[in-house]
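# Residue-level structural notes
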Amino acid sequence: REYTKEDTKEAIRIWNHIVEEGNAFPQMDCLTESTGEEFFLGQSYTGIAVDVDSGEIAGLYILHPNHVGRCGHICNASYAVKTTYRGQKIGEQLVRHCLHQARQMGFRILQLNAVVKENHAARKLYEKLGFVTIGTIPEGFQKKDGTYSDIVLYYFPLQNEPTAET
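The paragraphs below set out a description of the structure included in this document. (Residues numbered from 1 in each chain as written. Predicted model: local features only at pLDDT ≥ 70, side-chain atom pairs only at ≥ 80, totals over all residues. Heavy atoms only, no water.)

### Comments concerning the overall build of the chain
Looking only at helices and strands, one finds 4 helices and 6 strands in the chain. For the chain, the sequential pattern of α-helices and β-strands runs α-α-β-β-β-α-β-α-β-β. Relative to its length of 166 residues, the chain is compact, with a C-alpha radius of gyration of 15 Å against a globular reference of 15 Å. Summarising its shape, the C-alpha atoms of the chain cover approximately 40 × 35 × 35 Å along the three principal directions. For the chain, long-range pairs separated by at least 24 residues make up 60% of all intrachain contacts whose partners lie at least 6 apart in sequence. Carbon and sulfur atoms make up 52% of the accessible area of the chain, which amounts to about 9,100 Å² in all. When the 17 positive and 21 negative side-chain charges of the chain are each reduced to one mean point, those points stand 5 Å apart. (Helix = DSSP H or I, 4+ residues; strand = E, 2+ residues; numbered from the N terminus. Rg over C-alpha atoms; globule rule 2.2 N^0.38 Å. Contact = heavy atoms within 4.5 Å. Areas by Shrake-Rupley, 256 points an atom, 1.4 Å probe, with all protein chains shown as cover. Lys, Arg positive; Asp, Glu negative; His and termini not counted. Charge placed at Lys NZ, Arg CZ, Asp CG, Glu CD.)

Encoded structure:
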C-alpha cells in the first residue's frame, strides 16, 4: 500500500537500520522524524509492505525519477526489509509492486544505480525477476568499515512483466 504519515516512525526505523548497517544504502546520515517524513513524502511513490497478521510494517520501497528531461522516463528505486522479515519473500513482493507502480506512473525503465556486489540476496532476486546487469563500478561503494566494494548497475525495461518462472 502507499505510505502515509502514520508510517513515518516505523519506516524510519527500518530505513535507518539499513543505513547503520553500512553495507547497502549509500546514505551515511540517518533520517530523523522530520527529515524522514519529508523524504518519504518527497518520493514519486513510497510503498509499504504490511504483515496481514500483525499489522506490522515488514518493509518499504521508494520510487522516483533517476533522471530529468529527455531521460525522465527512467526511474530508480530502493528497497528496505525489516530484519525480522528477511528471507520471507517480502523483498520480492516490494520489487514486483514497485515495477507495477512504475509502469502505472509512465516510467519506461527502472535503473538500480548502486547494488553492492556482496548483496547476494538482492542480486539473486533482481536477476530472477529479469533485471539486466549494465556493468560494475570497481570500488564504487564505501562500506561502514571504510573499505570499498564494487557496485553493480541493473536495469529493467518496464514493458517486460516479470513471470513466476523468471
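Picking up where we left off.
### Some details on the environment of isoleucine 62
Take isoleucine 62: it is sitting in strand β2 (residues 57–65). Since its relative accessible area comes to 2%, isoleucine 62 is described here as buried. Sequence separation of isoleucine 62 and lysine 5 is 57 residues, and the distance between their C-alpha atoms is 14 Å. Excluding residues within four positions of it along the chain, isoleucine 62 makes contact with Trp15, Phe39, Phe40, Gln43, Tyr45, Thr46, Asn76, Ala77 and Ser78. (Buried < 20%, exposed > 50% of the residue type's maximum accessible area, 1.4 Å probe, protein only.)

### Quick look at the packing of aromatic side chains
This structure, assessed with the given rule, holds 11 aromatic pairs. On the numbers, 5.2 Å between centres and 50 degrees between planes, the contact of tyrosine 126 with phenylalanine 131 is tilted. Phenylalanine 131 shares its class with tyrosine 126; the two are buried. (Phe/Tyr/Trp six-rings, centres within 6.5 Å; stacked < 30°, edge-to-face > 60°.)

### Here we look at the layout of surface pockets
By volume, the largest pocket amounts to about 1,000 Å³. Taken together, 37 residues form the lining of the largest pocket, with Tyr79, Asn119, Ala121, Ala122 and Tyr126 sitting closest to its centre. Of all elements in the fold, only α1 (8–21), β2, β3 (74–81), α3 (90–104), β4 (109–116) and α4 (120–128) reach the threshold of two or more residues within the lining of the largest pocket. Tallied by class, residues from the lining of the largest pocket come to 21 nonpolar, 10 polar and 6 charged. Computed from the structure, the second largest pocket encloses a volume of approximately 250 Å³. Taken together, 15 residues make up the lining of the second largest pocket; nearest its centre are Ile48, Ala49, Val50, Ile90 and Gln93. Counted by class, the lining of the second largest pocket contains 9 nonpolar, 4 polar and 2 charged residues. (1 Å grid on protein atoms, 1.4 Å probe; cavity = no way out; pocket = protein on both sides within 12 Å on 5 of 7 lines; lining within 4 Å. Points joined across faces, edges and corners; volume = space filled by probe spheres on them. Nonpolar A, V, L, I, M, F, W, Y, C, P; charged D, E, K, R; others polar.)

### Digging into unusual backbone geometry
Of note in the backbone geometry, lysine 89 takes a positive phi value of approximately 70 degrees without being a glycine. Within the secondary structure, lysine 89 is located in the loop between β3 and α3.

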